[in-house]
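Now for the letters of each chain:
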Amino acid sequence: MTEISSRNVKGNSLRSPPSPGAEAPPSPAGRGEKAGRLEVRTTCPYCAVQCSFDVALQSGAAVAMRPTKDCPVAGGSVCKKGLGALELVNHAERLLTPLVRVNGKLEAASWDVALERVVGGAQAIQDKYGRDAYGVFGGGSLTDELVYLLAKFARVALKTANIDYNGRFCMSSAAAGMRAVYGMDRGLPFPLEDLGTKGCIVLWGANLAETLPPVSQFVLRARKAGAPVIVVDPRDTRTAGFATQHLPVRPGGDLALALALLHVVVSESLEHRAFLEARTTGWDAVEKSVASCTPEWAAPHCGLEPQVIRDAARAMARASQAGELVILSGRGPEQQSTGVRTVKALINLALALGGVYAPLTGQGNGQGGREHGQKADQLPGYRNIENPVHRAQVAAHWGVLETELPGKGKSAQELLEALGDSVKGLLVFGSNPVVSAPDAGALETRMDKLEQLVVIDFFLSETAARADVVLPGSMWLESEGTMTNLEGRVLRRRRAATPPGDAREDWEILCDLGSRIGRPEQFDYANLEAVFDDFAACTRGAQADYSGMNYGKLEPRGVFWPCPSADHPGTPKPFEHGFAHADRRAHLEPIAFDTAAELPDASFPLHLTTGRSADHYQSGTQTRRGVANTKTPRAVAEVHPDTAARHHLEHGSTVTLETRRGRGEFLVALSPKIRADTVFVPFHHAGVEAVNRLTNAALDPTSRMPEFKVCAVRVHDPSSAGFSSTDLSSTSLSSRTPPAITSSQSKWGKP
Ligand code: SF4
């Protein structure tokens, strides 16, 4: 058994056991006694697998945690990120008191002073510039309850149209593609354990061995049973290490590859005719549309030999006769300006072979986060904010007039690009866009033009450090809540500690703000269970219907949505007997080819692609403060040895990379496992190591997803004209910028 002990830090004495009023009745699943210690079952704060952990309490403090053996999702298999989560709850850098900016510096303040400053600032901005001049930016790691409250706060208290969230940067292309073709976005339309029985698994731009490690066990189970595992990725990742075939696609070449694979299926009559006729519409047009998409046509776009493409298509078709084929995508094919059409092309390919496509959601509540109203175009339950019936249903539930609800607002990147222009105030909650948004250097400049920036967080993130008001909130262990994992399974997360110092539970902060802005009756909840019950009732009759759930029903194994009534068991396989369109069929569409918005040229000759590493989560606000950071304290640029030789780069040296938007400094790691035309950098680091200062904010026209996965980059030559060593530091500094989080830099060993 792996058990991680927490550090005792000053402030623990302020902690107390969960108050009885907030606890659910004792149950074997939720609370119990083990070796004389009280244990509380909760879920991991990080990724969308949402593994269960048992947290041990002593004298009211959380002192240890261990994976739950009967975890309903992954059976007790976890990863090092989850195992290291407890140390951060008690971290010395936790925010203990509200902060307000006085004479350019953040100073401790009372809650009254801080909240009144937020309310006064918001009202002044909205009086002067209009309701929509104040924006809200949420996050995909917030619980379902917080997403719901944030959506309500924006629409009912602030009455602004401008609310969106960082999940727009993760899941919006997959969600838009699935909603168009399937009629519903439910992430995985089957439980993870079903992966073990699939006939063929294609992992497209999904490095799950590093980003969702417990999922690997199910893929390996299928592999052991004889299913081919095909990995599509510019890098020979750990995941590619257990594949039967690895297709090292060129960044931005995913759409061409998907079209060419389907061309082979069609031209060799490998499609599953009976399935297409019974379950889909539009196949004839799709079939015709790929006539010219030969492997020879695709090869220059995707960087793969035509024969490799043919072999892969045949392997998929062969295997799909033995068992269901599933194509699982990560952010690789999705975070592109052609993301939605690429997802649709993958769905065409999967369904042509009688299989299914699904995305692997990344953030902890990336699924629930995209269902319940923090998207600019959505209301709770996956309702459409432009649909009069949907608007009336939610308005009635919230006790406001339908005409009072604002309309569709700006998407995440468009909201961030409006800062200082049409948007003068912003509340950020559960997100760190200074690190995670594309073209982040430009964002820093725009953020400093705001008349008010408010951040709710538990650490002083890079975004919080620029704020006018910082409100110290709660971490995962310090509040009740529910998370909807990548399977669409709603899991209960229990509270095992209280926030340190004067920090408060997040839901209390939102409700206090909502009341002070003038809506006390809409934000009057006794506890989080009351919030959940209100939220679940609000989704009644909607597509993402949680109305048959309650806290008790969610234990011990969670409930899959939709769950429309108290006696409904939930829906683990929503597409088992038909898709979600009225005719129960998938609506296939022909997909036209397009390239990435920015391709390499003579000036910027390499592809830059970005992604996650095993040690860090999202913008690193948490994991850069933890044990994991001692292993990977710096952002590492993965470079092929041939490319490195051309640019005189050595393993362990520092390289300056630059794009048309900015520069960054990264540690060089030579790797023969990456394409020679591509450089990879993870996006978890800040300051001059923030790769998002280099990425392209070109948006997919439908999902408004930025093109994180491909842009043109060059290795900077410091001896060339126009560069000085101050260029890098000057882009990171502003009057609001704090000292960087310090971290020891480990020596990068030789390969
Ligand atoms: Fe499980 Fe994800 Fe947490 Fe790792 S980070 S323990 S895979 S939920």
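Keep in mind that what you see is a predicted model, and the values were worked out from it rather than measured.

Colleague: Just to check I follow, could you spell out the site of the ligand for this structure?
Modeller: Cys44, Tyr46, Cys47, Gln50, Cys51, Phe53, Val78, Cys79, Gly82 and Pro214 make up every residue found near the ligand. Residues of the shell around the ligand, tallied by class, amount to eight nonpolar, two polar and no charged.

Colleague: What's the story with the packing of aromatic side chains in this structure? I'm lost.
Modeller: Applying the stated rule across the entire model yields 15 aromatic pairs. Judged by centre distance (5.1 Å) and plane angle (50 degrees), the rings of Tyr46 and Tyr617 are tilted. With Tyr46 in the loop between strand 3 (37–43) and strand 4 (52–58) and Tyr617 in the loop between strand 25 (606–611) and helix 20 (628–631), this residue pair connects regions lying 571 residues apart in the sequence. According to the relative accessible area criterion, Tyr46 is buried, its value standing at 2%. Between Phe153 and Phe523, the ring centres sit 6.5 Å apart and the planes meet at 75 degrees, which makes this aromatic pair edge-to-face.

Colleague: Would you mind showing me how to read helix 11 (residues 295–302) here?
Modeller: Since one α-helical turn is 3.6 residues long, residues separated by three or four positions face the same way. Listing the buried residues of helix 11 in full gives Pro295, Ala298, Ala299 and Cys302. Summarising the axial view, the buried residues of helix 11 lie within an arc of 120 degrees, below the 170-degree limit, and thus occupy one face. Gly303 sits one or two positions beyond helix 11 and adopts a positive phi of about 70 degrees.

Colleague: Help me understand the environment of Val113 in this model?
Modeller: Its place among the elements puts Val113 in helix 3 (residues 111–129). Looking at Val113, the relative accessible area reads 46%, which means it is partly exposed. Between the C-alpha atom of Val113 and that of Val100, which follows or precedes it by 13 residues, the distance is 8.4 Å.

Colleague: What's the story with the sheet that holds strand 18 (residues 425–429) in this structure? I'm lost.
Modeller: Strands pair in a sheet through their backbones, by hydrogen bonds, and they do so in one of two ways: parallel or antiparallel. Strands sit in the order 7-6-20-19-18-8-9 across an open sheet of seven strands; the sheet is mixed. The sheet terminates laterally at strand 7 (105–108) and strand 9 (163–165), the two strands that pair on one side only. Geometrically, the sheet is characterised by an average inter-axis angle of 20 degrees between neighbouring strands, direction not taken into account. Here strand 6 (residues 99–102) runs beside strand 7; their pairing, made up of four bridges, is antiparallel. Residue pairing for strand 7: Arg101 is matched across the bridge by Leu106. Most of the contacts of helix 3 go to strand 20 (residues 469–472), to which it runs at about 130 degrees, and overall it touches strand 6, strand 8 (134–138), strand 18, strand 19 (452–457) and strand 20.

Colleague: Would you explain the pairing of strand 22 (residues 489–493) in this entry?
Modeller: On any regular strand, side chains alternate: one points to one face of the sheet, the next to the other face. Burial runs high along strand 22: five of the five residues are buried. Alternating residues of strand 22 divide into Arg489, Leu491 and Arg493 and Val490 and Arg492, and every residue in both groups is buried. As paired elements, strand 21 (residues 481–484) and strand 22 share four bridges and run antiparallel to each other. Paired with Met483 across the two strands is Leu491, which belongs to strand 22.

Colleague: Before we go on, may I ask you to explain the sheet that holds strand 23 (residues 559–560) in this structure?
Modeller: Strand order in the open sheet formed by three strands is 21-22-23, and the pairing between neighbours is antiparallel. Each of the sheet's edge strands pairs with one partner strand only, and the pair in question is strand 21 and strand 23. Taken together, the two bridges between strand 22 and strand 23 define a ladder with antiparallel strand orientation. Residue pairing for strand 23: Val490 is matched across the bridge by Val559.

Colleague: Looking at this structure, how should I read the side chain of Asp164?
Modeller: Looking at where Asp164 falls in the secondary structure, it is placed in strand 9. Polar contacts involving the side chain of Asp164 include one to the side chain of Arg168, which spans 2.8 Å. Setting aside its immediate chain neighbours within four residues, Asp164 contacts Val136, Phe137, Gly138, Gln374, Lys375, Ala376, Lys410, Ser411, Ala412 and Leu415.

Colleague: Quick question: what am I supposed to make of the packing of helix 8 (residues 254–267) against helix 11 here?
Modeller: In helix packing, the relevant descriptors are the interaxial angle and the interaxial distance, both defined with respect to the helix axes. Running from amino to carboxyl end, helix 8 crosses helix 11 at an angle of 160 degrees, the nearest separation of the two axes being 9 Å. As far as their axial angle goes, helix 11 and helix 8 are roughly antiparallel. The chirality of how helix 8 crosses helix 11 is left-handed. Contact residues: Ala256, Leu257, Leu259, Ala260, His263 and Val264 in helix 8; Pro295, Trp297, Ala298, His301 and Cys302 in helix 11.

Colleague: Would you take a moment to explain the pairing of strand 8 for this structure?
Modeller: Here strand 8 lies mainly inside the structure; five of its five residues are buried. Along strand 8, one buried face is formed by Tyr134, Val136 and Gly138 and the opposite face, lined by Gly135 and Phe137, is buried too. Pairing geometry for strand 8 and strand 18, over four bridges, is parallel. Along strand 18, the bridge assignment pairs Val136 with Leu427. With three bridges connecting them, strand 8 and strand 9 associate as parallel partners. Paired with Val136 across the two strands is Ile163, which belongs to strand 9. The parallel pair strand 8 and strand 9 is bridged by helix 4 (residues 144–158), and the resulting crossover is right-handed.

Colleague: Could you clarify how one ought to interpret the environment of Ile517 in this entry?
Modeller: Looking at where Ile517 falls in the secondary structure, it is placed in the loop between helix 18 (506–516) and helix 19 (528–538). Given the relative accessible area of 16%, Ile517 is considered buried. As a C-alpha pair, Ile517 and Glu116 span 401 residues in sequence and 9.3 Å in three-dimensional space. Apart from the residues lying within four places of it in its own chain, the contact partners of Ile517 are Val119, Gln123, Phe153, Ala157 and Leu158.

Colleague: How should the nonpolar core be read in this particular structure?
Modeller: One broad trend across soluble globular proteins is that nonpolar side chains are buried collectively. Of all hydrophobic cores here, the largest spans 174 residues; its most connected members are Tyr182, Leu195, Trp204, Leu257, Tyr357, Leu427 and Leu471. Counting residues per element, this core draws most heavily on helix 8, at 11 residues. Sequence-distant contacts of Tyr182, defined by excluding residues within four places in its chain, comprise Ile347, Leu351, Val356, Tyr357, Phe575, Phe579, Ala580, His581 and Ala586. Counting residues in hydrophobic clusters, the runner-up holds 23 residues, among them Leu95, Leu99, Phe137 and Phe169.

Criteria and thresholds
Residues numbered from 1 in each chain as written. Predicted model: local features only at pLDDT ≥ 70, side-chain atom pairs only at ≥ 80, totals over all residues. Heavy atoms only, no water. Near = heavy atom within 4 Å. Nonpolar A, V, L, I, M, F, W, Y, C, P; charged D, E, K, R; others polar. Phe/Tyr/Trp six-rings, centres within 6.5 Å; stacked < 30°, edge-to-face > 60°. Helix = DSSP H or I, 4+ residues; strand = E, 2+ residues; numbered from the N terminus. Buried < 20%, exposed > 50% of the residue type's maximum accessible area, 1.4 Å probe, protein only. Arc of directions from axis to C-beta. Pairing = 2+ DSSP bridges. Axes fitted to C-alpha atoms, helices over the stretch in contact; angles between N-to-C directions. Contact = heavy atoms within 4.5 Å. Polar contact = N/O pair within 3.5 Å; in protein donor to acceptor, adjacent residues only side chain to side chain. Parallel < 35°, antiparallel > 145°, perpendicular 65-115°, else oblique. Left-handed = near helix turned anticlockwise from the far one by under 90°. Right-handed = clockwise from strand over helix to strand, strands pointing away. Core = buried A, V, L, I, M, F, W, Y, C linked by side-chain atoms within 4.5 Å.

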